[in-house]
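Letter by letter, the chains look like this.
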Amino acid sequence: MGSFSRKVKGIEEIVIPEGVKFEVKDINDTVTLELPRLYYLGYDIKQITNNKTKKLNYNPGDKGFITFEVEENGIIKVDYTGTVLYKLSKVLKCFFSAL
C-alpha cells in the first residue's frame, strides 16, 4: 500500500500505511480536530513540535469519529497500535497457528 496526500482547509494530510500524518499551522488558541476514523480504543496520537513529542488524548465526537485538542502548531501522527487484548490475541493466534 502506497501513500497519498491531500489538502483540506489548509491542512495537508499524508496517509501512510501505518496511519495518518499531517501538519497543523497558524494555531493561536486551542483547536478541536475531528478525524474521519471511527472511535475505538487502541489509537496512538502524537504531536511533534520543535523535536518534542507529546501524546494527545482523544475522545469520541458527535458522529462517532476521533476528536482531540491541539494547542500549538506541529505535526500530528495518528497510528492504530491496538489495545493490549488485540496484541495478545495476535500472539495467541500465531502460537496456535504453529501447532
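Just above, that's the structure.
Overview of the structure. (Residues numbered from 1 in each chain as written. Predicted model: local features only at pLDDT ≥ 70, side-chain atom pairs only at ≥ 80, totals over all residues. Heavy atoms only, no water.)

### Regarding the packing of aromatic side chains
Here is step 1: Scanning the entire structure with this criterion turns up six aromatic pairs.
Here is step 2: The interplanar angle of 70° and the centroid separation of 5.5 Å between the aromatic rings of Y40 and Y80 together place this pair among those described as edge-to-face. Taken together, the residues Y40 in the loop between β4 (31–38) and β5 (43–49) and Y80 in strand β9 (residues 74–80) connect sequence positions 40 residues apart.
Here is step 3: Taken together, a centroid distance of 5.6 Å and an interplanar angle of 70° make the contact between Y80 and Y86 edge-to-face.
Here is step 4: Under the relative-accessibility criterion, Y80 is labelled partly exposed at 33%.
Here is step 5: Counting every residue linked through ring pairs, the aromatic cluster contains Y40, Y43, Y58, Y80 and Y86. (Phe/Tyr/Trp six-rings, centres within 6.5 Å; stacked < 30°, edge-to-face > 60°. Helix = DSSP H or I, 4+ residues; strand = E, 2+ residues; numbered from the N terminus. Buried < 20%, exposed > 50% of the residue type's maximum accessible area, 1.4 Å probe, protein only.)

### What to know about the nonpolar core
Here is step 1: Of all hydrophobic cores here, the largest spans 15 residues; its most connected members are F22, I45, F68, V70, I76 and V78.
Here is step 2: Those residues in contact with I76 that sit more than four places away from it in its chain are V20, K21, F22, V24, I45, K46, Q47, L56, F68 and V70. (Core = buried A, V, L, I, M, F, W, Y, C linked by side-chain atoms within 4.5 Å. Contact = heavy atoms within 4.5 Å.)

### Some points on the pattern of salt bridges
Here is step 1: Evaluation of the coordinates by the stated rule reveals four salt bridges.
Here is step 2: In this structure, K46 and D44 form a salt bridge, with 3.4 Å as the shortest nitrogen-oxygen distance.
Here is step 3: A salt bridge links D44 to K55, with the nearest nitrogen and oxygen atoms 3.8 Å apart. Of this pair, D44 sits in strand β5 while K55 sits in strand β6 (residues 52–56); the two residues are eleven residues apart in sequence, bridging distant segments of the chain.
Here is step 4: The exposure class assigned to D44 is buried, which follows from its relative accessible area of 12%.
Here is step 5: The class of K55 is exposed, set by a relative accessible area of 58%.
Here is step 6: Residues joined by salt bridges that share partners form a network here, namely D44, K46 and K55. (Salt bridge = Lys/Arg side-chain N within 4 Å of Asp/Glu carboxyl O.)

### Focus on the sheet that holds strand β7 (residues 59–60)
Here is step 1: Read across the sheet, three strands follow the order β4-β8-β7 without closing on themselves; strand pairing throughout is antiparallel. Looking at which strands have only one partner, the edges of the open sheet turn out to be β4 and β7.
Here is step 2: Pairing of β4 with strand β8 (residues 65–70), which is carried by six bridges, proceeds in the antiparallel orientation. Within the sheet, the bridge partner assigned to L38 lies in β8 and is F65. (Pairing = 2+ DSSP bridges.)

### Describing unusual backbone geometry
Here is step 1: Within the chain, D26 stands out as a residue other than glycine whose phi angle is a positive 60°.
Here is step 2: Examined against the element boundaries, D26 turns out to sit in the loop between β3 (19–24) and β4.
Here is step 3: In this structure D26 comes out as exposed when scored by relative accessible area, which is 70%.
Here is step 4: Positive phi is not limited to glycine here, since N50 has a value of about 50°.
Here is step 5: Mapped onto the fold, N50 is located in the loop between β5 and β6.

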